[in-house]
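Geometric and topological summary
The chain contents come next:
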Amino acid sequence: MSTYKNFLNKLENSLQIAGRRSEDIKLIAVSKKKPITDIQSVIDEGHLLFGENQIQEIEKKWPELKKLNSNIELHFIGSIQSRKVESIHQNCEVIHSIDRIKVAKLFAEIENLKNVRRKYFIQINTGNEPQKSGVMLSEANQFITESIESYNLNIIGLMSIPPINEDPKTHFLTLADMAKNFNLSSLSMGMSNDFETALECGATHIRVGTKIFGERN
Ligand SMILES: *Cc1c(COP(=O)(O)O)cnc(C)c1O
């Protein structure tokens, strides 16, 4: 069995344990650092949702993959540099990592210019880790309010990556709570090692790389 099919089985089992329905969950196959051939195999098995964290890599791999395969939905999950906003908007249908007002403003300007609307998540740094992307907890409420009210972006939810050595559950619950306060319906949380917990805490989008594609170099 392919690692992809194997993961689908595991996911089915975890959904049952968490009491969640598969139609409420989007599985984003994180294909960063993986070659086109590996990605095409997973597409051939029927998967259409993929995630990448580097725009340079997306520009190299995805125009061809999208030409060969229709209905691909590409999710940008990496940190966003201002000068890459236009390319990210052009290449990705969903953006998970809005964490600066400047970047929100740039996306809004490009949407107005091109008249193309994308879906967005705001990334929250629930662990307040200085080296990590995401809005610090103390600034989160104001940031979310301003992004929703000042820019005409379709913000569907919140995203976070918990600190490596902490129990992810408290971070997932913090994120879920915050999303609820703002009536945001989507929660992008959970990776290969913590997706089960994320499902139990209400994740709607899980981002899984290693358990689908194998270890990265
Ligand atoms: C790499 C990455 C993932 C996937 O991680 P795995 O542990 O390989 O499942 C998920 N989210 C983000 C933001 C990533 O950069």
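Residues numbered from 1 in each chain as written. Predicted model: local features only at pLDDT ≥ 70, side-chain atom pairs only at ≥ 80, totals over all residues. Heavy atoms only, no water.

Details of the nonpolar core
F50, F107, I122, I124, L158, I206 and I212 are the most contacted members of the largest nonpolar core, which has 58 residues in total. Every residue in contact with I124, bar those within four places of it in the chain, is listed here: G134, V135, L137, A140, I144, L158, M159, S160, L175 and M178. (Core = buried A, V, L, I, M, F, W, Y, C linked by side-chain atoms within 4.5 Å. Buried < 20%, exposed > 50% of the residue type's maximum accessible area, 1.4 Å probe, protein only. Contact = heavy atoms within 4.5 Å.)

Quick word on the environment of I28
If you trace the backbone, I28 turns up in strand 1 (residues 26–30). For I28, a relative accessible area of 0% corresponds to the buried category. Here the alpha-carbon distance between I28 and G51, two residues 23 residues apart in the chain, equals 5.8 Å. Contact partners of I28, with chain neighbours within four places excluded, come to L49, F50, G51, H75, H96, H205, I206, R207 and V208. (Helix = DSSP H or I, 4+ residues; strand = E, 2+ residues; numbered from the N terminus.)

A short note on the pairing of strand 7 (residues 154–159)
The two faces of the sheet receive side chains in turn, since in a regular strand these alternate between them. When you tally the buried positions in strand 7, you get 5 out of 6 residues, the bulk of the element. By the bridge criterion, 5 bridges tie strand 5 (residues 119–125) to strand 7 in an arrangement that is parallel. Each bridged residue has a counterpart across the sheet, and for Y120 the counterpart in strand 7 is I155. (Pairing = 2+ DSSP bridges.)

Section: the site of the ligand
Close to the ligand lie V30, K32, N53, I77, I161, M191, S192, R207, V208, G209, T210 and R216, which account for all nearby residues. A distance of 2.7 Å is found between an oxygen atom of the ligand and a side-chain nitrogen or oxygen belonging to K32. Measuring from an oxygen atom of the ligand, one finds a side-chain N or O atom of R216 at 2.8 Å. When the ligand is considered free in solution it has 390 Å² of accessible area, and contact with the protein chains removes 90% of it. Each residue belonging to the shell around the ligand can be placed in one class, and the counts come to 5 nonpolar, 4 polar and 3 charged. (Near = heavy atom within 4 Å. Polar contact = N/O pair within 3.5 Å; in protein donor to acceptor, adjacent residues only side chain to side chain. Areas by Shrake-Rupley, 256 points an atom, 1.4 Å probe, with all protein chains shown as cover. Nonpolar A, V, L, I, M, F, W, Y, C, P; charged D, E, K, R; others polar.)

Re helix 3 (residues 55–68)
With 14 residues, helix 3 extends 20 Å between its outermost C-alpha atoms, agreeing within 8% with the 20 Å of an ideal straight helix rising 1.5 Å per residue. Of all the bends in helix 3, the greatest reaches close to 40° and is centred on K61; the proline P63 follows between one and four positions later. All of the buried residues along helix 3 are I55, E57, I58, K61, W62 and L65. Lining the buried residues of helix 3 we find helix 2 (36–44), strand 2 (49–52), strand 3 (73–76) and helix 4 (85–91). (Expected span 1.5 Å × (residues − 1). Bend = angle between axes of the 7 residues up to and from the residue.)

A short note on the confidence of the model for the chain
Overall, the predicted model of the chain reaches an average pLDDT of 97, with 100% of residues at or above 70. At the level of individual helices and strands, the chain shows its lowest average pLDDT in helix 6 (residues 137–150), which scores 97, and its highest in strand 8 (residues 186–188), which scores 99. (pLDDT = per-residue confidence, 0-100.)

What to know about the pattern of salt bridges
By the definition in use, this model includes 10 salt bridges. E52 is the salt-bridge partner of K61, the closest N and O atoms lying 2.9 Å from each other. For the residue pair K61 and E52, the accessibility class agrees, reading buried in each case. When the shortest N-O distance is used, the salt bridge between K105 and E109 registers 3.7 Å. Highlighted residues: K105 and E109, both in helix 5 (residues 101–114), separated by 4 residues, approximately one helical turn. Here E109 falls in the partly exposed class, since its relative accessible area comes to 42%. The network of salt bridges with shared partners includes R21, E23 and D24. (Salt bridge = Lys/Arg side-chain N within 4 Å of Asp/Glu carboxyl O.)

What about the pairing of strand 5?
The buried count for strand 5 comes to 6 of 7 residues, which makes it a mostly enclosed element. In this fold, strand 4 (residues 94–98) hands off to helix 5, which returns the chain to strand 5; that crossover is right-handed. (Right-handed = clockwise from strand over helix to strand, strands pointing away.)

Regarding the packing of aromatic side chains
This structure, assessed with the given rule, holds 3 aromatic pairs. Judged by centre distance (5.3 Å) and plane angle (45°), the ring pair of F50 and W62 falls under tilted. Of this pair, F50 sits in strand 2 while W62 sits in helix 3, and the two are 12 residues apart along the sequence. Taken individually, F50 and W62 each receive the classification buried, so the pair is uniform in this respect. Look at F107 and Y120: their rings are 5.2 Å apart centre to centre, the planes differ by 65°, and that puts the pair in the edge-to-face class. Of this pair, F107 sits in helix 5 while Y120 sits in strand 5, placing them 13 residues apart in sequence. By relative accessible area, which is 0% here, Y120 ends up buried. (Phe/Tyr/Trp six-rings, centres within 6.5 Å; stacked < 30°, edge-to-face > 60°.)

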